[in-house]
Amino acid sequence: MAEPFGFGSFTLRFLFALILVLGTYNPTNYCFSHWVIEVVQQNRELVPEMALAGVTLLIGWVIYLKATFDALGLLGVVLGAAFFACLIWVAIDNGLLNMEENSTLLVYIVEVLVAAILALGMSWAHLRRRWSGQQMVDEVDDE
């Protein structure tokens, strides 16, 4: 029998989403996008490790985005993004987040929130079943 869904299950999904987001782009020079930009700017040849990393990230993005859009739908993703954008706006407006001093912090906050939306999408079926008792199933046509 499968292990029941809990805080640890959500945390694991969130950590994988955070690795995916930060591995794709972050303000440091240690991410896939900076690696590609460096290779292009220096007119170097594409290496197999870069292709492998790119395909691996692409697979991760497809899995997370498909699950998130299937579970939350476009409206759910937009509402989640709007909610988090408003939270950031409130933090800036109340002086909790100063954009003039540290704009890099905003990038990290946005990346964490994107990972949170992806993790929520990956976990939504479990959460919905726990909260409402309803199962989520894919529709299958019998033909």
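Worth saying up front: this structure is predicted, and the values here are computed from it rather than measured.

A. The arrangement of the overall build of the protein chain in detail. When helices and strands are counted, the protein chain shows four helices and zero strands. In the protein chain, the succession of helices and strands from N to C terminus is α-α-α-α. For the protein chain, buried positions account for 24% of its 143 residues. The contacts in the protein chain between residues at least 6 apart in sequence include a share of 64% that link residues at least 24 apart.

B. Broad picture of unusual backbone geometry. In the Ramachandran plot, Asn-43 falls in the positive-phi region, its phi being about 50° despite a non-glycine side chain. Examined against the element boundaries, Asn-43 turns out to sit in the loop between helix 2 (32-41) and helix 3 (48-93).

C. Geometry of the environment of Ala-85. Structurally, the position occupied by Ala-85 is in helix 3. Considering only alpha carbons, one finds Ala-85 and Leu-113, 28 residues apart in sequence, at a separation of 9.1 Å.

D. The arrangement of the environment of Leu-120 in detail. Following the sequence through the fold, Leu-120 ends up in helix 4 (residues 103-132). In this structure Leu-120 comes out as partly exposed when scored by relative accessible area, which is 30%. A sequence separation of 106 residues divides Leu-120 from Phe-14, and the C-alpha atoms of the two residues are 7.9 Å apart.

E. Spotlight on the confidence of the model for the protein chain. Of all residues in the protein chain, 84% attain a pLDDT of 70 or more, and the chain-wide mean is 87. Between the elements of the protein chain, mean pLDDT differs from a low of 84, seen in helix 4, to a high of 94, seen in helix 3.

F. The side chain of Asn-26, seen in detail. By the element assignment, Asn-26 lies in the loop between helix 1 (7-24) and helix 2. Among the residues examined, Asn-26 registers a relative accessible area of 6% and is labelled buried. A distance of 2.7 Å separates a polar side-chain atom of Asn-26 from the backbone oxygen of Leu-22. Every residue in contact with Asn-26, bar those within four places of it in the chain, is listed here: Cys-31, His-34, Tyr-108 and Glu-111.

G. Broad picture of the nonpolar core. Ranked by size, the top nonpolar core spans eight residues in total: Ala-17, Leu-18, Leu-20, Val-21, Leu-57, Tyr-64, Ala-115 and Leu-118. Looking at this core, the elements with two or more residues in it are helix 1, helix 3 and helix 4. No other element matches the four residues that helix 1 contributes to this core. Contact partners of Leu-20, with chain neighbours within four places excluded, come to Leu-57, Gly-60, Trp-61 and Tyr-64. Among the nonpolar cores identified, the runner-up in size contains seven residues, and Phe-84, Ile-88, Leu-113 and Ile-117 belong to it.

Conventions adopted
Residues numbered from 1 in each chain as written. Predicted model: local features only at pLDDT ≥ 70, side-chain atom pairs only at ≥ 80, totals over all residues. Heavy atoms only, no water. Helix = DSSP H or I, 4+ residues; strand = E, 2+ residues; numbered from the N terminus. Buried < 20%, exposed > 50% of the residue type's maximum accessible area, 1.4 Å probe, protein only. Contact = heavy atoms within 4.5 Å. pLDDT = per-residue confidence, 0-100. Polar contact = N/O pair within 3.5 Å; in protein donor to acceptor, adjacent residues only side chain to side chain. Core = buried A, V, L, I, M, F, W, Y, C linked by side-chain atoms within 4.5 Å.

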